[in-house]
Amino acid sequence: AEKKRHKVPKPPFFGLKVLEDISREKVFDSINEKALFSMSWGSKLKDKVKREQLLKGEYKPLLKELGDMLIKGNWVDLRAVYGYFRCRRDGEKLLVLDGRGSVLEKIHFGSFPERSVPSLAHYFSEEEDIVAFQAVTVGGEINKLIAELEKLEEYNRMYLIHGLSVQLAEALAGYVHDHIRKELRIPEGAGKRYSPGYPLWKDLADQRKLFKLLRIKENIGIELTEEYQLVPEQSTTAMIVHSALAEY
């Protein structure tokens with residue numbers, strides 16, 4: 001297992017890359033419809049038949065209609081930056097290094113002794129290893145549309161577009177994640193994605209470190225509030241762990 005964990009893939013470059021020419025159609029097509037319809041649009045009907053009718057008859061055509069409208073009206077501006085960095089583990093910390101081996105950032109992950117791998121840091125080698133980070137956003141225009149709909153008191157449409165925009169950011173994160181997997185030649189299912197503020201990486205303040213490493217504001221225009229919230233909110237950041245042992 002130790003060997004499997006520490007077989008280090010070779011990235012095509014070190015440093016940052018802004019992803020150009022993101023296919024909006026491809027990202028829209030990869031939206032998780034189940035999450036959109038039940039979580040964001042609230043189709044929690046208990047009756048299975050009625051739910052199927054609602055999804056097929058109403059929600060699917062609505063998704064197509066709203067998707068076309070957002071693309072044609074240029075309401076989405078899909079942007080992404082990602083990068084590969086040398087790194088090594090030091091206890092519960094991940095040391096992110098520059099080309100000369102100097103420490104750029106130290107990321108301290110929590111410890112979970114009850115888990116088979118007690119910390120995210122343990123997926124990395126104490127020798128030289130690599131780590132990928134990514135940040136994505138659907139852009140700020142969509143929130144102008146949402147504000148406009150609120151002014152017009154079109155609350156239902158506002159609610160639907162807001163839910164769709166959140167799932168679109170998630171689909172874009174998946175799109176970039178897959179791109180990184182392909183570049184590192186790691187199989188689907190390996191190379192898990194983790195974000196600050198979630199159970200295995202609790203410290204939301206680590207957003208600051210990702211902002212510095214990826215130069216997120218300069219590269220794709222996301223802002224970070226004093227409470228470490230991303231603006232626009234339909235944005236995400238993440239670390240991709242290449243280890244085949246990584247799990248949620």
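In case you missed it, the structure is sitting above this.
Criteria and cut-off values
- Residues numbered from 1 in each chain as written.
- Predicted model: local features only at pLDDT ≥ 70, side-chain atom pairs only at ≥ 80, totals over all residues.
- Heavy atoms only, no water.
- 1 Å grid on protein atoms, 1.4 Å probe; cavity = no way out; pocket = protein on both sides within 12 Å on 5 of 7 lines; lining within 4 Å.
- Points joined across faces, edges and corners; volume = space filled by probe spheres on them.
- Nonpolar A, V, L, I, M, F, W, Y, C, P; charged D, E, K, R; others polar.
- Helix = DSSP H or I, 4+ residues; strand = E, 2+ residues; numbered from the N terminus.
- Buried < 20%, exposed > 50% of the residue type's maximum accessible area, 1.4 Å probe, protein only.
- Pairing = 2+ DSSP bridges.
- Salt bridge = Lys/Arg side-chain N within 4 Å of Asp/Glu carboxyl O.

K.L.:
I'd like a description of empty space enclosed by the protein, backed by residues and values.
P.N.:
Scanning the entire structure with this criterion turns up 1 cavity of 30 Å³ or more. In this model, the largest cavity occupies a volume close to 30 Å³. As for the largest cavity, its lining consists of Phe 112, Arg 115, Val 117, Pro 118, Ser 119, Leu 120, Tyr 123 and Leu 200. Along the lines of polarity and charge, the residues of the lining of the largest cavity split into 6 nonpolar, 1 polar and 1 charged.

K.L.:
Please provide a residue-by-residue account of the environment of Tyr 198, values included.
P.N.:
Relative to the helices and strands, Tyr 198 is located in the loop between β6 (192-194) and α7 (207-214). Judged by its relative accessible area of 55%, Tyr 198 falls in the exposed class. In this structure, the C-alpha to C-alpha distance between Tyr 198 and Leu 70, residues 128 residues apart in sequence, is 30 Å.

K.L.:
Before we move on, can you summarise the pairing of strand β9 (residues 235-241) with the specific residues and values?
P.N.:
Among the 7 residues in β9, 7 count as buried, and that is most of the element. Side chains Ser 235, Thr 237, Met 239 and Val 241 project from β9 onto one buried face, and the interleaved Thr 236, Ala 238 and Ile 240 project onto a second face that is buried too. As defined by bridge partners, strand β5 (residues 129-137) adjoins β9 across 6 bridges and the pair is classed as antiparallel. Within β9, the residue paired with Val 136 across the bridge is Thr 236.

K.L.:
Residues and numbers for the pattern of salt bridges, please.
P.N.:
Here the structure, examined in full by the defined rule, presents 13 salt bridges. The closest approach of N and O atoms between Arg 157 and Glu 65, which form a salt bridge, is 3.1 Å. Highlighted residues: Arg 157 in helix α6 (residues 155-184) and Glu 65 in helix α4 (residues 48-72), separated in sequence by 92 residues. The partly exposed category is assigned to Glu 65, whose relative accessible area is 41%.

K.L.:
Tell me what's going on with unusual backbone geometry, and back it up with residues and numbers.
P.N.:
Note that the residue after Val 231, namely Pro 232, is joined by a cis bond; omega there is 0°. With respect to the helices and strands, Pro 232 occurs in the loop between β8 (230-231) and β9. Positive phi values are uncommon outside glycine, yet Asn 74 reaches one of about 55°. Along the chain, Asn 74 turns up in the loop between α4 and β2 (79-90). Given a relative accessible area of 49%, Asn 74 falls into the partly exposed group.

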